[in-house]
Amino acid sequence: MQVLFLGVGEACDSRHGNCSMLVSTDEGRMLLDCGFSVPHHFFRHCDDPDCLDNVWISHFHGDHFFGLPLLLLRFWEMGRTRPLQFIGQEKLRDKTFAALELAYPGFAKKLSFPLHFHTIIPGIPLDSGDLHLQAAQTDHSQKNFGLLVDDGRHRLYYSGDGRPTHESRKLMHGCDLVLHEAFMLQNKITGHGSVTGCLQLLDEENIKQLALLHIERKTRQQENNRLQDLVAEHAGLLLPEEDDVIKLS
C-alpha cells in the first residue's frame, strides 16, 4: 500500500491544498476526498484517464467534496470510458450530480463513463474488490465518516474531519497508518481534532504511524517549530507535505 499526499491543508489554507490522499494498492487506486484544489494536483500525477478506480467522500463540506465536477470534466476530456466507483454516505449520488449541474449545467448527460455509487453504513463492512472497508461517524459539525481501508496486508484509517469517537477509535486501533485531522494544538474548536488528541491516539490505540492533517493555517505557520519538535519527540508521528509518499511494506 502506498499513500501520496495531494493536499494536507484546511479549507482556507492558501499554502497547502485541501486535504486529500491517493491510496494505491494491488487492487487499484482510491482517492480520499476531493475538495476545491484537489483535481489540479491529482492530474499533475496522473495523465491516464483510467488511473483512478475509487473515490471516497468523507462528508459534504466544500473542501472535501467540491472538486468532483472538475475531476469528472477532466476525465471526460481525457476520454475515459471505464466506470468510476464512488463510496460514501447516503445521498452521495444526489450531491455529486447536484454539484456537477451547478458547475457545468447539462454536462452530466455528456459523460462517457458510468458512475457507480456505493453507500457505506457504519458497523457494516463493505468490500470493493479485494479492499475491505469499514466506516465510523466522527464528531464533526456535519455528518462525517472516518474510513478503514484493509487490503489484506495493511490497514489504513482516514478520519476526514472531526474528533475521534469510540467507534472511530475501534477502527483505527492497531492500524499501520492513520491519517487524522488535527485542526489545533489543543481541543479548542468544537467538532475538530487536535494535535494533542492525535498524540493520545498514537499512544493508546497501538498505531504504528499517524500523520497530522488539516491543521489550521495560522497554527501551522506560527507553531511550526513546536510541531517539528513533537514529530522528533514521538516515534511514528508524521507531518506530511504535498507530494510526500508513504509506502507500507
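Okay, so let's go over this structure. Quick caveat: nothing in here was measured; it's all calculated off a predicted structure.

1. A few points about the sheet that holds strand E7 (residues 126–128)
Next up, step 1: The mixed open sheet is built from 7 strands, whose spatial order is E7-E8-E9-E10-E11-E12-E13. The two strands at the open ends of the sheet, each matched to only one other strand, are E7 and strand E13 (237–238).
Next up, step 2: Inspection of the sheet shows strand E12 (residues 209–213) paired to E13 by 2 bridges, in the parallel sense. By the bridge assignment, Leu 210 is partnered in E13 with Leu 237.
Next up, step 3: Across the face of the sheet, helix H6 (residues 195–204) comes into contact with strand E11 (177–181), E12 and E13 while running at roughly 170° to E12.

2. Examining the environment of His 64
Next up, step 1: Position of His 64 relative to the elements: it lies in helix H2 (residues 62–65).
Next up, step 2: On a C-alpha basis, the gap between His 64 and Asp 229 in space is 29 Å, while along the polypeptide they are 165 residues apart.
Next up, step 3: In this structure, His 64 is in contact with Asp 33, Cys 34, Gly 35, Ile 57, Ser 58, His 59, Tyr 158, Asp 161 and His 214, ignoring residues within four places of it in sequence.
Next up, step 4: A polar side-chain atom of His 64 sits 3.3 Å from a polar atom in the side chain of Asp 63.

3. Points about the environment of Ser 20
Next up, step 1: Note that Ser 20 resides in strand E2 (residues 20–25).
Next up, step 2: Look at Ser 20 and you get buried, because its relative accessible area is 0%.
Next up, step 3: Sequence separation between Ser 20 and His 64 is 44 residues, and the spatial gap between their C-alpha atoms is 7.7 Å.
Next up, step 4: The contacts of Ser 20, once residues within four sequence positions are left out, are Leu 4, Phe 5, Leu 6, Gly 7, Leu 31, Leu 32, Asp 33 and Val 38.

Here is what the cut-offs are and how they apply
The residue numbers shown here count from 1 along each chain, following its written sequence. Residue-level local features of this predicted model are given only where pLDDT is at least 70; pairs of side-chain atoms are given and counted only at 80 or more, and the full residue set underlies all totals for whole chains, interfaces and linings. In computing side-chain values, all of the structure's heavy atoms are included and hydrogens and water are not. Any two strands between which DSSP finds at least two bridges are classified as paired. Every helix listed is a DSSP run of H or I at least four residues long, and every strand listed is a run of E at least two residues long, numbered separately from the N terminus. Any pair of residues with heavy atoms lying within 4.5 Å of one another is described as a contacting pair. Axis angles are defined between N-to-C directions and span 0 to 180 degrees, where every axis is a line fitted to C-alpha atoms and, for a helix, only to the segment in contact. Distance and chemistry together define a polar contact, namely a pair of N or O atoms within 3.5 Å, with one atom able to donate a hydrogen and the other to accept it when in protein, and with adjacent residues in sequence counting only for side-chain atoms on both sides. Here the term buried applies to any residue with accessible area under 20% of the maximum for its type, exposed to any over 50%, and partly exposed to those in between, with areas from a 1.4 Å probe on protein chains only.

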